[in-house]
Amino acid sequence: MHLRYSYRIYPTAGQRMALARTFGCARVVYNDALAARKEARRNGKPYQKSTDLQKLVITAAKKTPERSWLASVGVDPLIQSLRDLDTAYRNFFDSVSGKRAGRPVGLPRFKSRKDSRQSLRFTRNGFRLRGNGKLNLAKIGDVRVKWSRALPADPSSVTVVLDAAGRFHASFVVDVEPDPLPEVQSEVGIDLGLTSYAVLSDGQVIDNPRFLRKAVKKLKAAQRELSRKAKGSKNRAKARRKVAKAHAKVADTRRDWLHQQTTRIIRETQAVYLEDLNVRGLGRGRLAKSVHDAGWSTFRRLLEEKAARYGRTVGIVHRAFPSSQLCSQCGHRDGPKPLAVREWACGACGVLHDRDLNAARNILAAGQADRLNAPGGPVRPGVAIPRQARPDERGTHLGDLRSTGVRAAGAGGIPTR
Ligand SMILES: [Zn+2]
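Every residue gets a number counted from 1 within its own chain, in the order that chain's sequence is written. Only residues with pLDDT of at least 70 get local features here, since the model is predicted, and only at 80 or more are side-chain atom pairs given and counted; chain-wide, interface and lining totals rely on the full set of residues. Excluding hydrogens and water, the side-chain values take into account all heavy atoms of the structure.

Q: Explain the pairing of strand 2 (residues 118–123) to me, please; I cannot follow it from the model alone.
A: The side chains of a regular strand alternate between the sheet's two faces. A 1.4 Å probe rolled over the protein chains alone gives each residue an accessible area, and that area as a share of the maximum for its type sets the label: buried under 20%, exposed over 50%, partly exposed in between. A helix here means a DSSP run of H or I that spans at least four residues, while a strand means a run of E at least two residues long, and both kinds are numbered starting from the N terminus. Of all 6 residues that make up strand 2, 5 are buried, and the element is covered over most of its length. We call two strands paired when DSSP finds no fewer than two bridges between them. Sheet analysis places strand 2 next to strand 6 (residues 155–162), joined by 6 bridges and oriented antiparallel. Following the sheet pairing, Ser119 is matched in strand 6 by Val161.

Q: What is the right way to look at the coordination of the zinc ion in this model?
A: Around a metal, the ideal angle is 109.5 degrees if four donors adopt a tetrahedral arrangement and 90 or 180 degrees if six donors adopt an octahedral arrangement. Only Cys327 (SG), Cys330 (SG), Cys346 (SG) and Cys349 (SG) from the protein coordinate the zinc ion, and they sit 2.3 to 2.4 Å from it. Metal sites are built from N, O and S donor atoms within 2.8 Å, or 3.2 Å for Na, K and Ca, and they leave out water, so they may look incomplete. Irregular is the label for any site that misses the other tests, which are tetrahedral for four donors with all angles between 85 and 135 degrees, and square planar for four donors or octahedral for six when opposite donors exceed 155 degrees and the remaining angles lie between 65 and 115. Taken together, the 4 donor atoms coordinating the zinc ion span angles of 108 to 112° at the metal, a pattern that classifies the geometry as tetrahedral. Linear spacing of the donor residues for the zinc ion on their chain is C-x2-C-x15-C-x2-C. Within this pair, whereas Cys327 is found in the loop between strand 12 (313–317) and strand 13 (343–345), its partner Cys346 is found in the loop between strand 13 and strand 14 (352–354), the two being separated by 19 residues in sequence.

Q: Looking at this structure, I do not really get the side chain of Gln270. What am I missing?
A: Following the sequence through the fold, Gln270 ends up in the loop between helix 5 (234–268) and strand 11 (271–275). Here a polar contact is recorded for every N or O atom pair within 3.5 Å, except that within protein the pair must consist of a potential hydrogen donor and a potential acceptor, and residues adjacent in sequence are included only if both atoms are side-chain atoms. Of the polar contacts made by the side chain of Gln270, one reaches the side chain of Arg312; its length is 2.9 Å.

Q: What exactly am I supposed to notice about the pattern of salt bridges here?
A: A side chain with one charge may pair with a side chain of the opposite charge, provided their charged atoms come close. For this analysis, a salt bridge means a side-chain nitrogen from Lys or Arg found within 4 Å of a carboxyl oxygen belonging to Asp or Glu. Tallied over the entire structure, the rule returns 14 salt bridges. Among the charged side chains, a salt-bridge network with shared partners connects Asp163, Arg167, Asp252 and Arg255.

Q: Sorry, what's going on with the nonpolar core here?
A: For soluble globular proteins, the rule of thumb is that nonpolar side chains tend to be buried together. What makes a nonpolar core is a set of buried Ala, Val, Leu, Ile, Met, Phe, Trp, Tyr and Cys residues whose side-chain atoms join them at distances within 4.5 Å. In terms of nonpolar packing, the biggest core is built from 41 residues, with Leu19, Leu78, Phe122, Leu135, Leu137, Val158 and Phe172 touching the most fellow members. Residue contacts are defined here by distance: any two heavy atoms, one from each residue, within 4.5 Å place the two residues in contact. Other than its neighbours up to four places away in sequence, Phe122 contacts Asp76, Pro77, Phe127, Leu137, Ala138, Ile140, Ser157, Val158 and Val160. Ile190, Trp257, Val314 and Ile316 belong to the second-largest nonpolar core, a separate cluster that totals 21 residues.

Q: Hey, could you run me through the sheet that holds strand 7 (residues 168–175) in this one?
A: Within a beta sheet, neighbouring strands are joined by backbone hydrogen bonds and run either parallel or antiparallel to one another. Pairing is antiparallel across the open sheet formed by 7 strands, whose spatial order is 2-6-7-1-5-4-3. With partners counted over all chains shown, the strands left at the sheet margins are strand 2 and strand 3 (127–129), one partner each. For this sheet the average axis-to-axis angle between neighbouring strands, irrespective of direction, equals 35°. A fitted line through C-alpha atoms serves as each axis, taken over the contacting stretch for helices, and the angle formed by two N-to-C directions is quoted from 0 to 180°. Across the sheet, helix 1 (residues 13–42) lies against strand 1 (2–10), strand 2, strand 4 (135–137), strand 5 (141–146), strand 6 and strand 7, angled at about 90° from strand 2, the strand it touches most.

Q: Please clarify how the sheet that holds strand 9 (residues 198–200) should be interpreted in this entry.
A: In space, the 5 strands of this open sheet follow the order 10-9-8-11-12, with mixed pairing throughout. Only two strands of the sheet have a single neighbouring strand rather than two, namely strand 10 (205–206) and strand 12. Contacts from helix 8 (residues 355–373) reach strand 8 (187–192), strand 9, strand 11 and strand 12, with the element oriented near 130° to strand 8.

Q: Mind showing me how you'd approach the pairing of strand 12 here?
A: Within strand 12, 5 of the 5 residues are buried, which leaves it mostly tucked inside the rest of the structure. On strand 12, burial covers both faces: Thr313, Gly315 and Val317 on one face and Val314 and Ile316 on the other are all buried. Strand direction decides the pairing type here: strand 11 and strand 12, joined by 5 bridges, are parallel. For Tyr273, the partnering residue across the bridge sits in strand 12 and is Gly315.

Q: Before we go on, may I ask you to explain the packing of helix 1 against helix 3 (residues 75–97) in this structure?
A: Working note: a packed helix pair is described by the angle between its axes plus the distance between those axes. Helix 3 packs onto helix 1 with a crossing angle of 40° between their chain directions and a minimal axis gap of 9 Å. Looking at the two axes, helix 1 sits oblique to helix 3. As helix 1 packs across helix 3, the resulting crossing turns out to be right-handed. From helix 1, Thr22, Cys25, Ala26, Val29, Tyr30, Ala33, Leu34, Arg37 and Lys38 reach across to helix 3, where they touch Pro77, Leu78, Ser81, Leu82, Asp84, Leu85, Asp86, Ala88 and Tyr89. Partitioned by chemical class, the residues of the contact of helix 1 with helix 3 number 12 nonpolar, 2 polar and 4 charged. For this classification, under 35 degrees means roughly parallel, over 145 means roughly antiparallel, 65 to 115 means roughly perpendicular, and everything else is oblique. Helix crossings fall into two classes, left-handed where the near helix is turned counterclockwise from the far one by less than a right angle and right-handed where it is turned clockwise. Three categories are distinguished: nonpolar for Ala, Val, Leu, Ile, Met, Phe, Trp, Tyr, Cys and Pro, charged for Asp, Glu, Lys and Arg, and polar for the others, with Gly belonging to the last.

Q: I'm lost on the environment of Leu137 in this one. Help?
A: Its location among the elements puts Leu137 in strand 4. Residue Leu137 is classed as buried on the basis of its relative accessible area, which comes to 1%. Sequence-distant contacts of Leu137, that is, excluding residues within four places in its chain, are made with Leu19, Phe122, Gly126, Phe127, Val143, Val158 and Val160.

Q: What is the right way to read the packing of aromatic side chains from this model?
A: Two measures describe an aromatic ring pair: the distance that separates the ring centres and the angle between the ring planes. To pair, rings of Phe, Tyr and Trp, with the six-membered ring standing in for Trp, must have centres within 6.5 Å; the planes then decide the type, stacked if under 30 degrees apart, edge-to-face if over 60, and tilted in the middle. Summed over the entire model, instances satisfying the criterion amount to 10 aromatic pairs. Where Tyr47 meets Tyr89, the ring centres are 5.4 Å apart and the plane angle is 75°; that geometry is what we call edge-to-face. Here Tyr47, found in the loop between helix 1 and helix 2 (50–60), pairs with Tyr89, found in helix 3; they are 42 residues apart in sequence, far enough to count as distant. For Tyr89, a relative accessible area of 6% puts it in the buried group. A connected cluster of aromatic rings, assembled from ring pairs, spans Tyr7, Phe127, Trp147 and Phe172.

Q: How do you make sense of the environment of Ser171 when you look at a structure like this?
A: Within the secondary structure layout, Ser171 lies in strand 7. Setting aside its immediate chain neighbours within four residues, Ser171 contacts Arg4, Tyr5, Ser6, Ser157, Val158 and Thr159. Within the structure, the side chain of Ser171 is placed 2.8 Å from the side chain of Arg4, a separation counted as a polar contact.

Q: Which parts of the structure should I look at to understand the packing of helix 4 (residues 210–228) against helix 5?
A: Put simply, helix 4 and helix 5 touch, their axes get as near as 9 Å, and they point 165° apart. Looking at the two axes, helix 4 sits roughly antiparallel to helix 5. As for the relative orientation of helix 4 and helix 5, their crossing is left-handed in sense. Contact residues: Phe211, Leu212, Ala215, Val216, Leu219, Ala222, Gln223, Glu225 and Leu226 in helix 4; Arg236, Ala239, Arg240, Lys242, Val243, Ala246, His247, Lys249, Val250, Thr253, Arg254 and Trp257 in helix 5. Broken down by class, the residue content of the contact of helix 4 with helix 5 amounts to 12 nonpolar, 3 polar and 6 charged.

Q: Is there a simple way to explain the side chain of Asp76 in this structure?
A: Among the secondary structure elements, Asp76 is positioned in helix 3. In this tally Asp and Glu are treated as negative and Lys and Arg as positive; neither His nor the chain ends contributes. Buried and without a salt bridge, Asp76 has Arg83 as its closest oppositely charged side chain, separated by 6.5 Å. Dropping the residues within four chain positions of it, Asp76 is found in contact with Arg121, Phe122, Thr123 and Gly126.

Here it is, written out as structure tokens:
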């Protein structure tokens, strides 16, 4: 299985210039290839093969005066850039034909110098790890790496990323063998908390760490400052960089923290059940969503990756079932409750519920039921339940919610959970 390992790298001024030039070349090659495919399509010609396209936009282009500078950079990242275009097209075709689940994918778009994230991929021929710990990139040089953790095996490729905050990262793809942990008995449902980060059905509460709240506060202050600066001014550009830096800080802090949390959960439990983010996300305010849910999708992805590696199961509960209305004890449906209601007593059996804990227990029960009823029988450990909704659950999310009596915020309803 493939895993990604990402590290901060520190190219010198000269290396940064060489990287900038290569980013530019990879972008031009990508855009030229996309333009050629679009034109072929307009003229009713068949979809061009990647090898033909490669000859056209790299090999032949280098010999023209307009594109001769393509020869000044390594060829490997240029070829990888074309592979990315192929992947973008494949995702589009698969999305149109229904082979690909999830949000519809549009046609590939042209890349811009102004994109906030620039990246390059080098395969085995294009990079080497030096004995002194430096990363050698073809035609760039030996780049200093901050090895925050050890690579478990030889990487098969590396992607160099420049983010909006001006930082460089090297993201390695490493092929590792699954490494199942000894089986444990416990299974948990996890509910995305409102006041805390998450609540587990066994009663554990994962609080938002204070350092993350601090970072978010700083980010908001930076955003306010940016909104006050005149458009096009130097100060605005400065403020924008500050926002990008604050964003990066929040993202890094959150990622580290999420790694710790997900590793612990995967170690302690055999199966983890979560509710689908798209269903849940509708009931939240915009800011809460951007700050909180961004972490939630990473949380889920990390759980799925670690489960696959360590022989655990992650199940996604797709049903937009009203987890805060059902009594997890007797199944009685008690009606919607305003967000302020943190505890409630079941009208049928009288059990007193903590709102989030009750929801987590409902998610556990639904996840376990889904697993037993899965088309191929119980899902094998270590294989995540596919994200795709069952046919009867497809349709717009709003429709899904209506059909189960949960109304979305902004649609005239109380934002129920
Ligand atoms: Zn009850």
